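Summary of structural features
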Amino acid sequence: MIFVTGGAGFIGTNFVFEAVAAEPLLVIDKLTYAGNADNLSALEKADGFQFVRADICDREAMARLLALHRPKAVVHFAAESHVDRSIHGPADFVQTNIVGTFELLEAVRTHWSALDGAARSTFRFLHVSTDEVYGSLNATDPAFTEVTPYAPNSPYAASKAASDHLVRAYHHTYGLPTLTTNCSNNYGPFQFPEKLIPLVIANALEDKALPIYGDGLNVRDWLFVGDHCEAIQRVLKIGSPGETYNIGGKNEIRNIDVVRSVCRVLGELRPRPHGNYEDLITYVADRPGHDRRYAIDPGKIERELHWAPAETFESGIRRTVRWYLDHLDWVSSVRDGRYRTWVEKNYGGRAVPTSGRMRISE
Ligand code: NAD
Ligand code: DAU
């Protein structure tokens, strides 16, 4: 079995749908505003899928789950992930991303230390991190490599950098077989519509403004979420313990051009009744401390693990827009909070089980 923390979030959901075909999974998720257990309801009756609502900050709960299920790996997605929210309220980011990762590492270290033989040597803790830990690039700077010094600029990036350092230290000091991935901006199905691409799709369909921070010339390196999940699988299977791997799509695009691409594809698939979607573009005040440019050099994972993305930005953005158009009910239930009602109804008052299975619909 593999544990997947944060498996009800955007990337976690995509990862779980792929990975469950090959391995039994236990999703551990607190179901914050960003976690949507309904994403996984199609797996409710699938063999090898289990879900438990729990907080990674709860070391005892993590220890109980580890003792009960004896997983061969932990893939750690759980985090507060939105930069703007970290600017408005950094406390949750410190709590989950730093303290939560620490508590999880402590539970895992205790569990792993008691293993022996193959169970000990093949165990893996894979920490999913971000390119934002490296800070901001100028237009002519080379892309981030695994040895680029850390220079996080937002509370989110700082909290992820701290968690990366803890993971590094647990390998260096205790020998815990860790793997760390630092990935660029993901996009694709199930992304919460607070992030740029799903926000623009959802707003455009409601004829609302498409907000562009600052001059719209900030550059991000976009990767289709399925390609990120495939990279994580590869790192998990054949990555070397203690190593870090940068993951990116070599798709550096200015924000304004990302938004124009979304408008163009939407215009083809679902023409705006009056005018063009681009007419909705609205420049708004910039994000404080807004990093200018991110770019990932994925040379190491390409060379050593033979990973390469399957999607171009053009093919990936088309798949993404199509998915949102095909799942308008998902978008509206997230936007109007209906999914929270379902979460509370289904999960309110549940505790982490001390034994047995806890399926999503029990
Ligand atoms: P997300 O915000 O969509 O999902 C996060 C999930 O973690 C949610 O299901 C939430 O309920 C859960 N969670 C939050 N706090 C928790 C806690 N204390 N205990 C248990 N579960 C908790 O995030 P995402 O975009 O899917 O990102 C997943 C991971 O990948 C994060 O670690 C993020 O830093 C990293 N990452 C994201 C991107 C990106 O572009 N989205 C890029 C690189 C790295
Ligand atoms: O680089 C990886 C990171 O990518 C991940 O670690 C984060 O979890 C993920 O949220 C993402 O961070 P960004 O801040 O880059 O993503 P976001 O979608 O919030 O913003 C993308 C760019 O678009 C950024 O330059 C800010 C800008 N933006 C964003 C929003 C929400 C706008 O111009 N308008 C907006 O309304």
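Since we're looking at a predicted model, the values are computed, not measured.

Another point: the nonpolar core. Judged by nonpolar contacts, the single largest core of 70 residues is most densely connected at Val 75 and Ile 197. Residue contributions to this core peak at seven residues, all from helix 9 (residues 255-269).

Another aspect to go through is the pattern of salt bridges. Within the structure shown, the criterion is met by 25 salt bridges. One salt bridge in this structure joins Lys 250 and Glu 302, with 3.2 Å as the shortest N-O distance. Of the two residues, Lys 250 is situated in the loop between strand 10 (244-247) and strand 11 (252-254) and Glu 302 in helix 10 (residues 299-305); the sequence distance between them amounts to 52 residues. When its relative accessible area of 27% is taken as the criterion, Glu 302 is described as partly exposed.

Let's shift gears to helix 9. The end-to-end C-alpha separation of helix 9 is 21 Å, in line with the 21 Å expected for 15 residues at 1.5 Å each. Residues of helix 9 that are buried: Asn 255, Ile 256, Val 258, Val 259, Ser 261, Val 262, Cys 263, Val 265 and Leu 266. Among the structural elements, helix 7 (196-205), strand 8 (210-213), strand 9 (219-224), strand 11, strand 12 (281-284) and helix 11 (313-326) are those in contact with the buried residues of helix 9.

With that settled, the discussion passes to the side chain of Thr 5. Position of Thr 5 relative to the elements: it lies in strand 1 (residues 2-5). The class for Thr 5 is buried, based on a relative accessible area of 1%. Here His 76 takes part through its side chain, which lies 2.7 Å from a polar atom of the side chain of Thr 5. Discounting residues that sit within four places of it in the chain, Thr 5 has contacts with Ile 28, Ile 56, Val 74, Val 75, His 76, Phe 77, Ala 78 and Leu 104.

To continue, consider the packing of helix 9 against helix 11. Relative to each other, helix 9 and helix 11 sit at 55 degrees, their axes nearing to 10 Å. Classified by the angle their axes make, helix 9 and helix 11 are oblique. The chirality of how helix 9 crosses helix 11 is right-handed. Of helix 11, the residues touching helix 9 (which contributes Val 258, Ser 261, Val 262, Arg 264, Val 265, Leu 266, Glu 268 and Leu 269) are Phe 313, Glu 314, Ile 317, Arg 318, Val 321, Arg 322 and Leu 325. Split by residue class, the contact of helix 9 with helix 11 holds nine nonpolar, one polar and five charged.

Considered as a void within the structure, the largest pocket measures approximately 1,100 Å³ in volume. Ser 81, His 82, Tyr 156, Gln 191 and Lys 195 are the residues nearest the centre of the largest pocket, which is lined by 50 residues in total. For the lining of the largest pocket, the residue count by class is 21 nonpolar, 17 polar and 12 charged.

Rules behind the numbers
Residues numbered from 1 in each chain as written. Chains lettered and ligands numbered in written order. Predicted model: local features only at pLDDT ≥ 70, side-chain atom pairs only at ≥ 80, totals over all residues. Heavy atoms only, no water. Core = buried A, V, L, I, M, F, W, Y, C linked by side-chain atoms within 4.5 Å. Buried < 20%, exposed > 50% of the residue type's maximum accessible area, 1.4 Å probe, protein only. Helix = DSSP H or I, 4+ residues; strand = E, 2+ residues; numbered from the N terminus. Salt bridge = Lys/Arg side-chain N within 4 Å of Asp/Glu carboxyl O. Expected span 1.5 Å × (residues − 1). Contact = heavy atoms within 4.5 Å. Polar contact = N/O pair within 3.5 Å; in protein donor to acceptor, adjacent residues only side chain to side chain. Axes fitted to C-alpha atoms, helices over the stretch in contact; angles between N-to-C directions. Parallel < 35°, antiparallel > 145°, perpendicular 65-115°, else oblique. Left-handed = near helix turned anticlockwise from the far one by under 90°. Nonpolar A, V, L, I, M, F, W, Y, C, P; charged D, E, K, R; others polar. 1 Å grid on protein atoms, 1.4 Å probe; cavity = no way out; pocket = protein on both sides within 12 Å on 5 of 7 lines; lining within 4 Å. Points joined across faces, edges and corners; volume = space filled by probe spheres on them.

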